[in-house]
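# Structure at a glance
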Amino acid sequence: MSLVECRGISKNYKLGETLVPALSDVSINIEKGEFVAVWGPSGSGKTSLLNLVGLLDTPSAGQLKIAGETISTQDDSSLAVLRNKLIGFVFQNFNLIAVLSALENVMLPLQIRGESPAQARDKAVSKLDAVGLATLYKSRPDQMSGGQRQRVAIARALVTDPAIVLADEPTANLDSVTSDQILALMRDLNQKQNVTFVFSTHDPRLLASVSRKIRLQDGQITPEENS
Ligand SMILES: Nc1ncnc2c1ncn2[C@@H]1O[C@H](COP(=O)(O)OP(=O)(O)OP(=O)(O)O)[C@@H](O)[C@H]1O
Ligand SMILES: [Mg+2]
C-alpha cells in the first residue's frame, strides 16, 4: 500500500459560469519516507495538487487514498478530522496565528483533537526543540524572523505525527541562507525520522536536494521529466 494513491484525479474550479481546469487525470503514488518535489510553471496545478493531497479541498473526479483511507465525498467536518489525523501542512506565508505564541501555535492541532493542555504543551515543546527554537517558546510570530516563523510552522506540522507533511513553496518567502537552513532541517527530519515530505517549489536548491521530482504542466504530469 502506498502512502498516497491518486488515480485519475481532476480538479476544476468554478469561476462564475466557467469551469477553470487545474488538474486533469493525475495519477501518482507516493511512498512512506519519500522526499518529493512537485514542480512546473506558474499555473500548472502544483498548489491544487497539494491542497487535494492535504485534504484542504476535494477532487472534481478521480480517487484519492491517503494512508489507506479512501477520501471520497466526506463533508467538511469529517475531512477536517482526517486532515488533523493524517496531514501536516506548511504554507508559503507560514499561516501562524498572530495573537498566539510559538508554543500556543504548535499546541493548537493537538488541542483541536482533544488532548489535554499539559500533554499538548509537552509535545509542542519537544517539536520546538527539534526545529531549533528552544529559547523562543513565548515569542509571537511578529517578534520572529521569517526563518523562525517557518520553523514554528514546521513544528506545528509535525506535532501530530502526521502520515505526510506537505509544504507549498516553503522557501519562497525566505532569503537564500535561511532557505538553505530550512531545507537542511526538512532533509534531516526526512533522513533521521523518516518523515515523508512533498513540496511544491520553483527553488532550484530545493529541487536539487529531493530524491524525486514530479513535473506538472497544464494540470498534467509530464512523465518523461520525472525521476
Ligand atoms: N480558487 C481558484 N479559482 C479559480 N481558479 C483557480 C483557483 N485556484 C487556482 N486556479 C487556477 O487553476 C490553475 C492551477 O493553479 P495552481 O494555483 O494550482 O497553480 P500553481 O502551479 O500552484 O501556480 P504558482 O506556481 O503560481 O503557485 C490556474 O489556472 C489557476 O488560475
Ligand atoms: Mg502555487
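Fair warning: this is a prediction, and the values are worked out from it, not measured in the lab.

## Details of the nonpolar core
Ranked by internal contacts, the top residues of the largest apolar core, which has 62 residues, are V38, V106, A155, V165, L166 and V198. For this core, the element with the highest residue contribution is helix α5 (residues 146–158), accounting for 6 residues. Setting aside residues up to four positions removed in sequence, A155 forms contacts with V106, K127, L128, A130, V131 and L133.

## Quick word on unusual backbone geometry
A negative phi angle is the norm for most residues apart from glycine, just as the trans form is the norm for most peptide bonds. Despite not being glycine, A67 has its phi angle at roughly 50°, a positive value. Considering the arrangement of structural elements, one finds A67 in the loop between β4 (61–66) and β5 (69–71). One non-glycine residue, N95, adopts positive backbone phi at about 50°. Within the element layout of this structure, N95 appears in the loop between β6 (87–90) and α3 (102–112). Assessed through the 13 C-beta atoms surrounding it within 10 Å, N95 is described here as partly exposed.

## Regarding the sheet that holds strand β10 (residues 220–221)
The strand order β6-β7-β8-β3-β9-β10 describes an open sheet built from 6 strands, whose pairing is mixed. Of all strands in the sheet, those bounded by a partner on one side alone are β6 and β10. The pairing of strand β9 (residues 212–217) with β10 spans 2 bridges and is antiparallel. The residue bridging Q217 from the neighbouring strand is Q220, located in β10.

## Some thoughts on helix α6 (residues 176–193)
Over its 18 residues, α6 extends 25 Å from the first C-alpha to the last, a length consistent with the 26 Å expected when each residue adds 1.5 Å. Regarding α6, the residues found buried are S179, I182, L183, M186 and L189. Buried residues of α6, viewed axially, fall in a sector of 120°; they line one side. Among the exposed residues of α6, those pointing more than 90 degrees away from its buried face are V177, A184, Q191 and K192. Where α6 ends, the next residue or the one after it, N194, has phi of about 60°, a positive value.

## Topic: the environment of G45
Residue placement: G45 occurs in the loop between β3 (35–39) and α1 (46–53). Between the alpha carbons of G45 and S78 there is a distance of 25 Å; along the sequence they are 33 residues apart. Leaving out residues up to four positions away in the same chain, G45 has contacts with A22, L23, L216 and G219.

## Quick look at the sheet that holds β5
One open sheet accounts for 4 strands, arranged β2-β1-β4-β5; its pairing is antiparallel. The open sheet has two free edges, formed respectively by β2 (18–30) and β5, since each of these has just one partner strand. Adjacent strand axes in the sheet meet at a mean angle of 30°, parallel and antiparallel pairs treated alike. Pairing between strand β1 (residues 4–15) and β2: 9 bridges, direction antiparallel. Following the sheet pairing, N12 is matched in β2 by P21.

## Topic: the packing of α5 against α6
Between α5 and α6, the shortest axis-to-axis distance is 10 Å and the interhelical angle comes to 20°. When the axis of α5 is compared with that of α6, the two are roughly parallel. Crossing angle aside, the handedness with which α5 passes α6 is right-handed. Residues G146, G147, Q150 and I154 of α5 form the contact with α6, whose participating residues are T178, Q181, I182 and L185. Partitioned by chemical class, the residues of the contact of α5 with α6 number 3 nonpolar, 5 polar and no charged.

## Looking at the environment of L3
Tracing the chain through its elements places L3 in the segment before β1. Linking L3 and E34, residues 31 residues apart in sequence, is a C-alpha distance of 9.6 Å.

Procedures and definitions
- Residues numbered from 1 in each chain as written.
- Chains lettered and ligands numbered in written order.
- Predicted model: local features only at pLDDT ≥ 70, side-chain atom pairs only at ≥ 80, totals over all residues.
- Core = buried A, V, L, I, M, F, W, Y, C linked by C-beta atoms within 7 Å.
- Buried ≥ 20, exposed ≤ 12 C-beta atoms within 10 Å, placed from the backbone.
- Helix = DSSP H or I, 4+ residues; strand = E, 2+ residues; numbered from the N terminus.
- Contact = placed C-beta atoms within 7 Å.
- Pairing = 2+ DSSP bridges.
- Expected span 1.5 Å × (residues − 1).
- Arc of directions from axis to C-beta.
- Axes fitted to C-alpha atoms, helices over the stretch in contact; angles between N-to-C directions.
- Parallel < 35°, antiparallel > 145°, perpendicular 65-115°, else oblique.
- Left-handed = near helix turned anticlockwise from the far one by under 90°.
- Nonpolar A, V, L, I, M, F, W, Y, C, P; charged D, E, K, R; others polar.

Any link to function would need more than the numbers given here.
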